[in-house]
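Each chain, written out:
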Amino acid sequence: MRSFLLFIGYSSYIGSMGDGLLGLYALWVLISNELALLSLSLNDFLAQYVEFIFWVKRVAFYVMPQGFAKWLFGIPAVIYFPVRILMSLVIGWWALKKAAQLKSLRVINN
């Protein structure tokens, strides 16, 4: 269980860095277009600016309820990425904290 929690924790932190880069890129796209694309949705951002990861939409529609996935991909990209980063950091922090607790329990029990 501890290994799984470590995987979740570190992958959440690493994923947050990737999301941060994408979020900065989305912000740069907005600024370079003089904020004309302020409502640029996550769907449009992925489809027009980072096409190489547009496949995540197909995965999302496979694993999520269709209504939720439609709503999620309709959110403006500049709102989506900061929220996603915050959520990933919280999940990563929680998982690493639990992994540390399991390690200390293992040391006490030995």
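Residues numbered from 1 in each chain as written. Predicted model: local features only at pLDDT ≥ 70, side-chain atom pairs only at ≥ 80, totals over all residues. Heavy atoms only, no water.

A. A look at the overall build of the protein chain. When helices and strands are counted, the protein chain shows five helices and zero strands. Listing each helix as α and each strand as β along the protein chain from the N terminus yields α-α-α-α-α. A compact globule built from 110 residues would reach a C-alpha radius of gyration of about 13 Å, whereas the protein chain, at 17 Å, exceeds it by more than 25%. Counting only C-alpha atoms and orienting by the principal axes, one finds that the protein chain spans roughly 60 × 30 × 20 Å. Burial status across the protein chain gives 28% buried among its 110 residues. A separation of at least 24 residues holds for 68% of the contacts in the protein chain among residues at least 6 apart in sequence. With the model as given, the accessible surface of the protein chain reaches about 7,700 Å², and the carbon-plus-sulfur share is 69%. (Helix = DSSP H or I, 4+ residues; strand = E, 2+ residues; numbered from the N terminus. Rg over C-alpha atoms; globule rule 2.2 N^0.38 Å. Buried < 20%, exposed > 50% of the residue type's maximum accessible area, 1.4 Å probe, protein only. Contact = heavy atoms within 4.5 Å. Areas by Shrake-Rupley, 256 points an atom, 1.4 Å probe, with all protein chains shown as cover.)

B. Structural view of the environment of Ser32. By secondary structure assignment, the location of Ser32 is in helix α1 (residues 2-32). In terms of polar contacts, Ser32 uses its side chain to reach the backbone carbonyl oxygen of Val29, at 3.0 Å. (Polar contact = N/O pair within 3.5 Å; in protein donor to acceptor, adjacent residues only side chain to side chain.)

C. The packing of helix α3 (residues 55-63) against helix α4 (residues 66-74), seen in detail. Where α3 contacts α4, the axes come no closer than 8 Å and their chain directions differ by 150°. The pairing of α3 with α4 is recorded here as roughly antiparallel in orientation. Across the interface between the two elements, Val56, Lys57, Ala60 and Phe61 from α3 touch Gln66, Ala69, Lys70 and Phe73 from α4. The residue inventory of the contact of α3 with α4, partitioned by class, reads five nonpolar, one polar and two charged. (Axes fitted to C-alpha atoms, helices over the stretch in contact; angles between N-to-C directions. Parallel < 35°, antiparallel > 145°, perpendicular 65-115°, else oblique. Nonpolar A, V, L, I, M, F, W, Y, C, P; charged D, E, K, R; others polar.)

D. Quick look at the layout of surface pockets. Volume-wise, the largest pocket comes out at about 580 Å³. In terms of lining residues, the largest pocket is bounded by 24 residues, among which Leu42, Met64, Leu72, Tyr80 and Arg84 are the most central. Top contributing element to the lining of the largest pocket by residue count: helix α5 (residues 77-109), with eight residues. A breakdown of the residues in the lining of the largest pocket according to their chemical character gives 20 nonpolar, two polar and two charged. (1 Å grid on protein atoms, 1.4 Å probe; cavity = no way out; pocket = protein on both sides within 12 Å on 5 of 7 lines; lining within 4 Å. Points joined across faces, edges and corners; volume = space filled by probe spheres on them.)

E. Here's a closer look at the pattern of salt bridges. Inspection of every chain in the model, using the stated rule, returns one salt bridge. Across the salt bridge formed by Asp19 and Arg84, the nearest N and O atoms sit 2.6 Å from each other. You can see Asp19 sitting in helix α1 and its partner Arg84 sitting in helix α5, a full 65 residues away along the chain. (Salt bridge = Lys/Arg side-chain N within 4 Å of Asp/Glu carboxyl O.)

F. Local environment of the packing of aromatic side chains. Using the criterion set out here, one finds eight aromatic pairs in the structure. An angle of 75° between the planes, with centres 5.9 Å apart, marks the rings of Phe45 and Phe81 as edge-to-face. Of the two residues, Phe45 sits in helix α2 (residues 42-49) while Phe81 sits in helix α5, which places them 36 residues apart along the sequence. Here the two residues Phe45 and Phe81 agree in accessibility, since each one is buried. The rings of Tyr25, Trp28, Phe45, Tyr49, Tyr80 and Phe81 are connected pair by pair, giving a single aromatic cluster. (Phe/Tyr/Trp six-rings, centres within 6.5 Å; stacked < 30°, edge-to-face > 60°.)

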